[in-house]
Amino acid sequence: MLNKYLDIKPEVAEALAAGKPVVALESTIISHGMPYPQNVQTALAVEQIVRENGAVPATIAVIGGRLKAGLTPEEIEYFGKKGLSIAKASRRDLAVLCARGEDGATTVTTTMMIAHMAGIKVFATGGIGGVHRGAETTMDISADLEELAQTPVMVVCAGAKSILDLGLTLEYLETHGVPVVGYETKKLPAFFTRESDFEVDYRMDSPEEIAKAFKVQNELGLPGGMLVANPIPVEYSMDAKVINAAIDQAVKEAEEKGIHGKETTPFLLARVTELTGGNSLESNIQLVFNNARLAAKTAAAYCQA
Ligand code: PSU
Ligand code: MN
């Protein structure tokens, strides 16, 4: 039985019932990740790219206490316009938002949860949350990692930003049994740059190979997801020195200001964007497009696997 709080957009429900590929997309990236109107333009363009690559897009959000798998263009516009005034919804927020009939922008965590409730296997985003620098004392570890450990949805991302401790993030995923796959690379991409100092578990070179591995994972009855790290296209990748200087500065400011809890990631992301100007926004948009293409092809391959 489907969840009584879940609304699946008819186009999405039809595709799922027919065994056709669907790609989930998150809404925190719309409300909190980019400024208006670029956020709305990007979200609509991402949906178009998913379609062009053979899948049906399902942008996910909480609206008026309903869990939405698939938004209309008007709903996407609403989320983009309201921006930061929409609550960032992680796992712990879902019940209260539904009980109160409120809106929430879904993170990787809640997008995975709602995708899974709807029966969607593949999800494309920009970057995931992870273990923050200094987590050995702050214990700031994103709920995204726990969700990857327990919910069987594949997340296609561009790696994680080095606002995080990438090494500890990989350790955490290893402990929780989450496979980390590099698309056409053995290096873990670091969002704005194609490489970091760290290696992924497996390199895979086609959507079919990735889809097959995830299908087998599901058939084995393993509970968790899979993380697919897709490097930003070369032409949009940024100078590591420039981006790392901005990240170090943002992390220092967050410490000085005592930023913590759910505010940490949005603060760091916003400061990095401010410090690097429009360049990082364009790179961010392009890597999301790139992930949407790979996710759509992989979702299509999954349906054939
Ligand atoms: N990292 C990014 N871009 C993002 C996010 C993280 O590079 O947009 C967002 C995603 O929605 C992610 C969330 O799921 O932040 C993680 O927040 P936290 O670290 O508070 O768990
Ligand atoms: Mn956190």
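Residues numbered from 1 in each chain as written. Chains lettered and ligands numbered in written order. Predicted model: local features only at pLDDT ≥ 70, side-chain atom pairs only at ≥ 80, totals over all residues. Heavy atoms only, no water.

A few points about the pairing of strand β9 (residues 180-183)
Turning to step 1, where the next piece is worked out: Alternating residues of β9 divide into Val180 and Gly182 and Val181 and Tyr183, and every residue in both groups is buried.
Turning to step 2, where the next piece is worked out: Note that β9 and strand β11 (residues 226-229) share three bridges and pair parallel. Directly across from Val180, in β11, lies its bridge partner Leu227.
Turning to step 3, where the next piece is worked out: Two strands pair when backbone bridges link them, and β9 and strand β10 (residues 202-204) are joined in this way by three bridges, in the parallel orientation. Bridged to Val181 within β10 is Tyr202. (Buried < 20%, exposed > 50% of the residue type's maximum accessible area, 1.4 Å probe, protein only. Helix = DSSP H or I, 4+ residues; strand = E, 2+ residues; numbered from the N terminus. Pairing = 2+ DSSP bridges.)

Focus on the site of ligand 1
Turning to step 1, where the next piece is worked out: Residues in contact with ligand 1 amount to 14 residues; listed here are only the nearest, Lys88, Ser142, Asp144, Lys161 and Thr265.
Turning to step 2, where the next piece is worked out: Interatomic distance of 2.7 Å between a side-chain N/O atom of Lys88 and an oxygen atom of ligand 1.
Turning to step 3, where the next piece is worked out: Relative to its unbound accessible area of 470 Å², ligand 1 is 92% covered by the protein chains.
Turning to step 4, where the next piece is worked out: Partitioned by chemical class, the residues of the shell around ligand 1 number four nonpolar, six polar and four charged. (Near = heavy atom within 4 Å. Polar contact = N/O pair within 3.5 Å; in protein donor to acceptor, adjacent residues only side chain to side chain. Areas by Shrake-Rupley, 256 points an atom, 1.4 Å probe, with all protein chains shown as cover. Nonpolar A, V, L, I, M, F, W, Y, C, P; charged D, E, K, R; others polar.)

Description of the packing of helix α3 (residues 38-52) against helix α13 (residues 278-304)
Turning to step 1, where the next piece is worked out: One can describe the packing of α3 onto α13 by two numbers: an axis separation of 9 Å at closest approach and a directional angle of 25°. By the angle class used here, α3 and α13 are roughly parallel. Judged by the sense of rotation from one axis to the other, the crossing of α3 with α13 is right-handed. Across the interface between the two elements, Gln38, Thr42, Ala45, Val46, Ile49 and Val50 from α3 touch Leu281, Ile285, Val288, Phe289, Ala292, Arg293 and Ala296 from α13.
Turning to step 2, where the next piece is worked out: Along the lines of polarity and charge, the residues of the contact of α3 with α13 split into 10 nonpolar, two polar and one charged. (Axes fitted to C-alpha atoms, helices over the stretch in contact; angles between N-to-C directions. Parallel < 35°, antiparallel > 145°, perpendicular 65-115°, else oblique. Left-handed = near helix turned anticlockwise from the far one by under 90°. Contact = heavy atoms within 4.5 Å.)

Describing a nonpolar patch on the surface
Turning to step 1, where the next piece is worked out: Among the surface-exposed residues, Val216, Leu220 and Leu222 lie close enough to one another that they form a single nonpolar patch of about 270 Å² accessible area.
Turning to step 2, where the next piece is worked out: Residue placement: Val216 occurs in helix α10 (residues 207-219). (Patch = residues over 30% accessible without salt bridge, like charges linked within 9 Å, V, L, I, M, F, W, Y side chains within 5 Å. Salt bridge = Lys/Arg side-chain N within 4 Å of Asp/Glu carboxyl O.)

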